[in-house]
Amino acid sequence: MSLTHIFDVAGTGMSAQTIRLNTVASNIANAESVSSSTGETYRARHPVFSVIKQQVDQDGFGGFASGFDSAAGYGVRVDGIIESQSELRQKYQPDHPQADENGFVYYPNVDVVAEMADMISASRAYQTNVEIMNTAKQMLQRVLTLGQ
């Protein structure tokens, strides 16, 4: 793998972690939203990632996989964002303006503590990708000064 392709790999990681941070922010923002039915209630969302196995060059040839282990990944992509199917929180609050005919209101299935942990993890992963890019940049700059 060429040193310059590290920027592509780290860039896809940064994009994926940005989407992860956005979904965590959305989940936390909607954690206490209330609804009168299970169909209208916000459900926690989570991105689904997959490995990019091979990248195609501009020439159309199989990217930077030649000569290396074909099981290695060359980046990450977001395949989609799924809604959690876990149970919604149901509370008996007959005086609430959005209570259903039985007096229940429904809250999202967002676990704020787990979302905060996920936010910290995504933030650290993003920072790691930035450090990878900075290190690769420094290495390339040092390679350029070898001939001097």
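Look up: the structure comes first, before these words.
Residues numbered from 1 in each chain as written. Predicted model: local features only at pLDDT ≥ 70, side-chain atom pairs only at ≥ 80, totals over all residues. Heavy atoms only, no water.

## Structural notes on the overall build of the protein
Part 1 of the argument: Counting its secondary structure elements, the protein contains 2 helices and 4 strands.
Part 2 of the argument: Secondary structure elements of the protein, listed N to C terminal, follow the sequence α-β-β-β-β-α.
Part 3 of the argument: A total of 148 residues make up the protein; the buried ones form 25% of that total.
Part 4 of the argument: Accessible area of the protein: about 9400 Å², with a carbon and sulfur share of 54%. (Helix = DSSP H or I, 4+ residues; strand = E, 2+ residues; numbered from the N terminus. Buried < 20%, exposed > 50% of the residue type's maximum accessible area, 1.4 Å probe, protein only. Areas by Shrake-Rupley, 256 points an atom, 1.4 Å probe, with all protein chains shown as cover.)

## Thoughts on the packing of aromatic side chains
The description of an aromatic ring pair rests on the distance of the ring centres and on the angle between the ring planes.
Part 1 of the argument: All chains considered together, the criterion is met by 1 aromatic pair.
Part 2 of the argument: Ring centres of Tyr92 and Phe104 lie 5.5 Å apart, and the angle between their planes is 65°; this geometry places the pair in the edge-to-face category. One end of the pair, Tyr92, is in strand 3 (residues 89-92); the other, Phe104, is in strand 4 (residues 104-107), and 12 residues separate them in sequence. (Phe/Tyr/Trp six-rings, centres within 6.5 Å; stacked < 30°, edge-to-face > 60°.)

## What to know about the pattern of salt bridges
Part 1 of the argument: Here the structure, examined in full by the defined rule, presents 4 salt bridges.
Part 2 of the argument: Ionic pairing is found between Arg45 and Glu83, a salt bridge with its closest N-O pair at 3.1 Å. Here Arg45 is found in strand 1 (residues 45-51), whereas its partner Glu83 is found in strand 2 (residues 76-83), with 38 residues between them in sequence.
Part 3 of the argument: Arg45 gets classed as partly exposed once you look at its relative accessible area, which sits at 28%.
Part 4 of the argument: Residue classification places Glu83 among the partly exposed residues on the basis of a relative accessible area of 37%. (Salt bridge = Lys/Arg side-chain N within 4 Å of Asp/Glu carboxyl O.)

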